[in-house]
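# Summary of structural features
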Amino acid sequence: MSMFNLNNSYKAVVIGGSAGSFQGVVKILSQLPKGFPLPIIMALHRLKHVRHGFVEALSLKSVVQVVEPDDKEPLKKGGVYLAPANYHLSVELGNNFSLSTEEMMNNSRPAIDITLGSCAYVFKDKLIGILLSGANKDGALGMKYIKDRGGLTIVQDPSECMIETMPKAAMALTQIDYVLKVDQIVEFFKELDKQYK
Amino acid sequence: MQDIDIVDLKKISEFIFQKYQYDFRNYAMSSFKRRVQRILELKKLTVDGLLKKLSESPPFINEFLDELTVNVTEMFRDPSFWRIMREEIIPAILLNHKQFKIWHAGCSSGEEVLSMAILLKEMGILENVQLYATDLDTTILERAKTATYSLKNMELNEKNYIRFQGAGSLTDYYKVENGYAVFNKDLMANVNFRKHDLVLGEAFNKFDLILCRNVMIYFNQTLQNEVLKKFHESLFKYGYLAIGSKESLIWCDYANRFIVVNNEEKIYKKIKD
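Figured I'd write up the structure that's included with this text. (Residues numbered from 1 in each chain as written. Chains lettered and ligands numbered in written order. Predicted model: local features only at pLDDT ≥ 70, side-chain atom pairs only at ≥ 80, totals over all residues.)

Once that is clear, we can look at the overall build of chain B. When you go through chain B residue by residue, the secondary structure sums to nine helices and ten strands. Radius of gyration (C-alpha) of chain B: 19 Å, near the 19 Å computed for a compact globule of 273 residues. Classification of the 273 residues of chain B by burial places 42% in the buried group. When contacts within chain B are restricted to residue pairs at least 6 apart in sequence, long-range pairs at least 24 apart make up 75% of them. (Helix = DSSP H or I, 4+ residues; strand = E, 2+ residues; numbered from the N terminus. Rg over C-alpha atoms; globule rule 2.2 N^0.38 Å. Buried ≥ 20, exposed ≤ 12 C-beta atoms within 10 Å, placed from the backbone. Contact = placed C-beta atoms within 7 Å.)

Structure below.
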């Protein structure tokens, strides 16, 4: 028996994270099932003026090479994407990315709320949102957008988080379907993958 | 934040096009939506209220444009880009022309054209270069002309300048007055500010270098195509085009008339008319 109630209707996974989320993201990406079919879109807080190094560090152990998409780059099945430094990352209705240099939101660019919000708009109930450890409230509103449009919401278990502010803010703002430790998120991806085989 | 849908966005852009001849119909949807939502929030309006205000109060369009366009920029944004400009691109232009012209398309509050003026001054060639700085938003153009920036922005500008490895210190170029950094007016002597609409406007001159960084990201691919055609028309053969570090021309029809000079900094060269 699975602990998750899943199906194969989902079109994308979006992940937000900040302080303390790096190890979790690395673990999730390194244990991703081979050929995992959905695009994974990540908005992680990062130094604004360091363009290099982060995506390389994430790719090191990842099953799939992580890409910082260019503006208007099309989303690919199974692609793993990271919001580039000093840009907000959105998804457009034609299934391609767009970047923006709008004002910082929640003191952040990339802002998690922007990426989650645009994904919720485009994918509606076909989206899974995951919010990991972090020290501010960015992402809480984004998780609410996802839930309001019928998507599935997951946060990292605050008891495991280095800094619990971010998942707790989301839990306070909207309904969260699963509160999971990183190891359980890894299992979640495996279960999800089986739905598509 | 009010949720608005595509039908609302289309209504707004269509209305503005008909009444004011600004064309946002081919703007990228997600950022255009956020900008409109932001205006609704700032002005405490509904979509219908906004349409009513645009219809009844023509001066409001300027305020609307100023809030709609993204005016977030930095001096020497991406210092590595500016080093390539100083060490490779400008010297390459100088091989053929002692005097040349640069166009900053979508100059916003002017940080970039000011950065270029400082770079040229440090190369000792500022007098030989005509700079054109254009934007759709007249409010921001007026601000750009003053070359005055809030001191709270200067920390980042200074950091970028240091990483650009400028010849002196950025403080050499400005005085502090009432909490603002007021830049030396001599830097702007060869800068020609003018209102220009990249979407509906025509090509107006020929250039050796065009900078349009992080502007076309607000356009959809159809519009990016059209604007690239105008840049192509506005460049001398073997002239350069610089776009933002995460932008790309490869999805545009005219891409094959350019070659990549520097892929990291997204600098292209026109090779075919």
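That was the structure; now back to the text.
Taken residue by residue, a regular strand's side chains alternate between the two faces of the sheet. All names here are of chain B. Judged from the four bridges that link them, strand 9 (residues 258-262) and strand 10 (residues 267-270) form a sheet pairing that is antiparallel. Along strand 10, the bridge assignment pairs Phe 258 with Lys 270. Where strand 9 folds back onto strand 10 in an antiparallel hairpin, the turn is made up of four residues, including Lys 266, whose phi is positive at roughly 55°. (Pairing = 2+ DSSP bridges.)

Counting residues at the interface gives 16 residues for chain A and 16 residues for chain B. Take the side of chain A that touches chain B: its biggest share by element is three residues, from strand 6 (residues 97-100) of chain A. Split by residue class, the side of chain A that touches chain B holds four nonpolar, five polar and seven charged. (Nonpolar A, V, L, I, M, F, W, Y, C, P; charged D, E, K, R; others polar.)

Right, let's talk about the packing of helix 3 (residues 112-123) of chain A against helix 4 (residues 140-148) of chain A for a bit. Residues and elements named next belong to chain A. Taken N-terminus to C-terminus, the directions of helix 3 and helix 4 make an angle of 10°; their axes are 7 Å apart at the nearest point. By the angle between their axes, helix 3 is roughly parallel relative to helix 4. Contacts between helix 3 and helix 4 involve Ile 112, Asp 113, Leu 116, Gly 117 and Ala 120 on the former and, on the latter, Leu 141, Gly 142, Met 143, Tyr 145 and Ile 146. For the contact of helix 3 with helix 4, the per-class residue count stands at seven nonpolar, two polar and one charged. (Axes fitted to C-alpha atoms, helices over the stretch in contact; angles between N-to-C directions. Parallel < 35°, antiparallel > 145°, perpendicular 65-115°, else oblique.)

Residue and element names in this part refer to chain B. Pairing is mixed in the open sheet, where seven strands are placed in the order 6-2-1-7-8-10-9. Edge positions in the sheet fall to strand 6 (191-195) and strand 9, since each of these pairs with one other strand and no more. Strand-to-strand, the axes of this sheet are offset by a mean angle of 20°, without reference to chain direction. Direction of pairing for strand 7 (residues 207-212) relative to strand 8 (residues 235-243): parallel, over a ladder of five bridges.

No statement about biological role is implied by the geometric values presented.
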